[in-house]
Amino acid sequence: MTAEPTRVLVLNSGSSSVKYQLLDMVENRRLAVGLVERIGEETSRLVHTPLATGGERRVHEGPMADHDAALKAVAAELAADGLGLDSPRLAAIGHRVVHGGLRFTEPTVIDEAVLAEIERLVPVAPLHNPANLTGIRTARALRPDLPQIAVFDTAFHTTMPEHAARYAIDVATADAHRIRRYGFHGTSHAYVSRRTARLLGKDPSEVNVIVLHLGNGASASAVAGGRCVDTSMGLTPLEGLVMGTRSGDIDPAVTFHLKRVAGMSADEIDELLNKKSGLVGLCGDNDMREIRRRIDEGDEAAALAFDIYIHRLKKYLGAYTAVLGRVDAVAFTAGVGENAAPVRAAAMAGLEGLGMAVDADRNAVRSDAPRLISPDGSPVAVAVVPTDEELEIAQQTYALVTA
Ligand code: ADP
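Along each chain, residue indices are assigned from 1 in the same order as the chain's sequence is written. Confidence filtering applies because this is a predicted model: local features only for residues at pLDDT of at least 70, side-chain atom pairs given and counted only at 80 or more, and all residues used for totals across whole chains, interfaces and linings. Remark: hydrogens and water are excluded; side-chain values derive from all non-hydrogen atoms of the structure.

The protein appears in an unreviewed UniProt entry as Acetate kinase from Streptomyces catenulae. UniProt positions are given in the numbering used here, feature names are shortened, and annotations may be inferred rather than shown by experiment. For the record of the protein, the UniProt heading Catalytic activity (unreviewed entry) holds the text "acetate + ATP = acetyl phosphate + ADP". UniProt, in its Subunit (unreviewed entry) section for the protein, records the words "Homodimer."

Written out as structure tokens, the structure reads:
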């Protein structure tokens, strides 16, 4: 039995949750996956699936006061399967960090200076970076000797040219407050654009891809020869596509109007646009399955919400076709993109002029595998490519520690 350090623990720490996966990078398999939810509440819940032992899923309910308690519970679960954090086979811990600003363009070994920089970015990512930092600090306390790597959601987008990254506002104001378009979901856009190239039998450097990451949060990116040249999210994840609860693109004057005529505060408008808008604001539901079910029953609000969602997608497909000049593939990914055939069909309907079309039979197939859904000979390949952000984080982490 080899005791080589070939394993990576991936941690995705949110404000009240931690998702984790333990992967073996040489055996190429997942050893354990799990999730802690509702940290800080009475009803915290840990769900652990020990894939390596083939054991039953284990669920623990009961209060976990903070991330420290949550990570210790995760460590105990892993240890119970013989996969404890003290194992010499653990090579590194890879952390998802949402905002890396302009400074972090690559996965980065975490030290005090890196922590300070992630902290400095809190004003532009107030919901995410503090949670990511808590997860990192807790993990470092548990294994101070182990390399811990930050993989940034923004990193893939740092190749965007200035003309795509800058807002057309006063430069001094923008620079003083680091206001620019950073983009998010970068780990997914990176993974899916490369995986799409492979599906086409090409190197990423040879293809131009539009990636549509459609989850509860949603973003589009234009990737030219493996480099991101534009993406739909901006300073924050609010810009761009219609999402589950976020408005996406909106005239910024709506915000001053709400302040002036409705007397709403900045926090209230923030909450409105981030939590009570998008699909949920339009029809009361943010789950695409429920929206489709309501449409089938003749519900008009659900139908309009769907149409607005699709219209925005088409606008980005057109825009990114123009940005790229030549599109080789469109890739649908994340919860909606991977599962909702009606969304893919509707987004592509009428885009034959752009060389884009969907074959109805191929689109209807349900599968976990990356696959083409466009007709044979279509000028633009349309694909469904399941995203795997944890695998991408693990690969980037392992590549860095074994370099
Ligand atoms: P996030 O990571 O942003 O929370 P996901 O990528 O997991 O989101 O996507 C979640 C969304 O995917 C759900 O809100 C739902 O709208 C959609 N979804 C999941 N499964 C299906 C399905 N079978 N059909 C249609 N939509 C689905």
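**Q** For this particular structure, what's the right way to read the overall build of the protein?
**A** Strands here are runs of E lasting at least two residues and helices are runs of H or I lasting at least four, both read from the DSSP assignment and numbered beginning at the N terminus. The secondary structure content of the protein amounts to 15 helices and 14 strands. The C-alpha radius of gyration computed for the protein amounts to 21 Å, which stays within 12% of the reference 22 Å derived for 403 residues, consistent with globular compactness. Projected onto its principal axes, the C-alpha positions of the protein cover 60 × 55 × 45 Å. Every one of the 403 residues in the protein was classed for burial, and the buried ones make up 51%. Sequence-distant contacts, at least 24 apart, represent 62% of the contacts inside the protein between residues at least 6 apart. Accessible surface area values rest on a Shrake-Rupley calculation with a 1.4 Å probe, where residue burial reflects the displayed protein chains alone. In the form shown here, the protein has an accessible surface area of approximately 17900 Å², with 53% of it arising from carbon and sulfur atoms. Taking the 42 positively charged and 52 negatively charged side chains of the protein as two groups, their mean positions are separated by 2 Å. Each radius of gyration is computed over the set of C-alpha atoms, and the globule rule expresses the reference value as 2.2 Å times the number of residues to the power 0.38. A 1.4 Å probe rolled over the protein chains alone gives each residue an accessible area, and that area as a share of the maximum for its type sets the label: buried under 20%, exposed over 50%, partly exposed in between. It only takes one pair of heavy atoms within 4.5 Å for two residues to be counted as in contact. The convention is simple: Lys and Arg are positive, Asp and Glu are negative, and His and the chain ends are not counted. The atom standing in for a charge is NZ when the residue is Lys, CZ when it is Arg, CG when it is Asp and CD when it is Glu.

**Q** I keep staring at the packing of helix α1 (residues 67-80) against helix α3 (residues 129-142) and nothing clicks. Help me out?
**A** A pair of packed helices can be characterised by two numbers: the angle between their axes and the separation between those axes. Only C-alpha atoms enter the line fits that serve as axes; for helices the fit covers just the stretch in contact. Angles between N-to-C directions range over 0 to 180 degrees. One can describe the packing of α1 onto α3 by two numbers: an axis separation of 9 Å at closest approach and a directional angle of 50°. Taken as axis vectors, α1 and α3 run oblique relative to one another. At the point where α1 passes α3, the crossing takes the right-handed sense. On the side of α1, the interface is formed by His 67, Asp 68, Leu 71 and Lys 72, while α3 contributes Thr 134, Gly 135, Thr 138, Ala 139 and Leu 142. For this scheme, ten residues count as nonpolar: Ala, Val, Leu, Ile, Met, Phe, Trp, Tyr, Cys and Pro. Four count as charged, namely Asp, Glu, Lys and Arg, and the remainder, Gly too, count as polar. Its residues placed into classes, the contact of α1 with α3 shows three nonpolar, four polar and two charged. Geometric relationships in this document are graded by angle, where less than 35 degrees denotes roughly parallel, more than 145 denotes roughly antiparallel, 65 to 115 denotes roughly perpendicular, and other angles denote oblique. Each crossing gets its handedness from the near helix: less than a right angle anticlockwise from the far helix is left-handed, clockwise is right-handed.

**Q** Explain the site of the ligand here, please?
**A** The environment of the ligand is made up of 13 residues, and the closest members are Asn 216, Met 288, Arg 289, Gly 335 and Asn 339. Whenever two N or O atoms come within 3.5 Å, that pair is a polar contact, provided that in protein one can donate a hydrogen and the other can accept it, and provided that, for residues adjacent in sequence, both atoms are side-chain atoms. Between Asn 216 and the ligand, the recorded distance is 3.0 Å, taken from a backbone N or O atom to an oxygen atom. Burial of the ligand by the protein chains amounts to 67% of its free accessible area of 580 Å². Mapped onto the shell around the ligand, the elements with two or more residues apiece are α10 (288-296) and α12 (334-339). Being near a molecule or strand, for a residue, comes down to having at least one heavy atom within 4 Å of it.

**Q** How should the nonpolar core be read in this particular structure?
**A** The nonpolar side chains of a soluble globular protein tend to be buried with one another. Nonpolar cores are built from buried Ala, Val, Leu, Ile, Met, Phe, Trp, Tyr and Cys residues. Side-chain atoms within 4.5 Å join them into one set. Ranked by internal contacts, the top residues of the largest apolar core, which has 42 residues, are Leu 214, Tyr 309, Val 330 and Val 343. Mapped onto this core, the elements with two or more residues apiece are β9 (208-214), β10 (218-224), α9 (278-283), α10, α11 (300-324), β12 (329-333), α13 (341-348) and β14 (381-384). Here the element with the most residues in this core is α11; it accounts for 10 residues.

**Q** I'm lost on the sheet that holds strand β3 (residues 29-37) in this one. Help?
**A** Strands belonging to one sheet form pairs held by backbone hydrogen bonds; the direction of such a pair is parallel or antiparallel. Criterion used throughout: strands pair if DSSP finds at least two bridges between them. Read from one edge to the other, the open sheet built from eight strands follows the order β5-β4-β3-β2-β1-β6-β8-β7, with strand pairing classed as mixed. Two strands in the sheet have a free side with no partner beyond their single neighbour: β5 (58-61) and β7 (108-109). Here strand β1 (residues 7-13) pairs with strand β2 (residues 18-24) via seven bridges, running antiparallel. When the bridges of β2 are listed, Asn 12 appears paired with Lys 19. Sheet contacts for α1: β1, β2, β3, β4 (45-49) and β5; angle to β4, the most-contacted strand, approximately 25°.

**Q** Sorry if this is basic, but what is going on with the pairing of β2 here?
**A** Across a regular strand the side chains alternate sides, sitting on one face of the sheet and then on the other. Among the seven residues that make up β2, six are buried, leaving the element largely enclosed by the rest of the structure. The hairpin formed by β1 and β2 contains four residues between the paired strands. Alignment of β2 against β3, held across seven bridges, turns out to be antiparallel. Along β3, the bridge assignment pairs Leu 22 with Ala 32. Turn length for the β2-β3 hairpin, with the two strands adjacent in sequence and antiparallel, is four residues, and the turn residue Asn 28 shows positive phi of about 60°.

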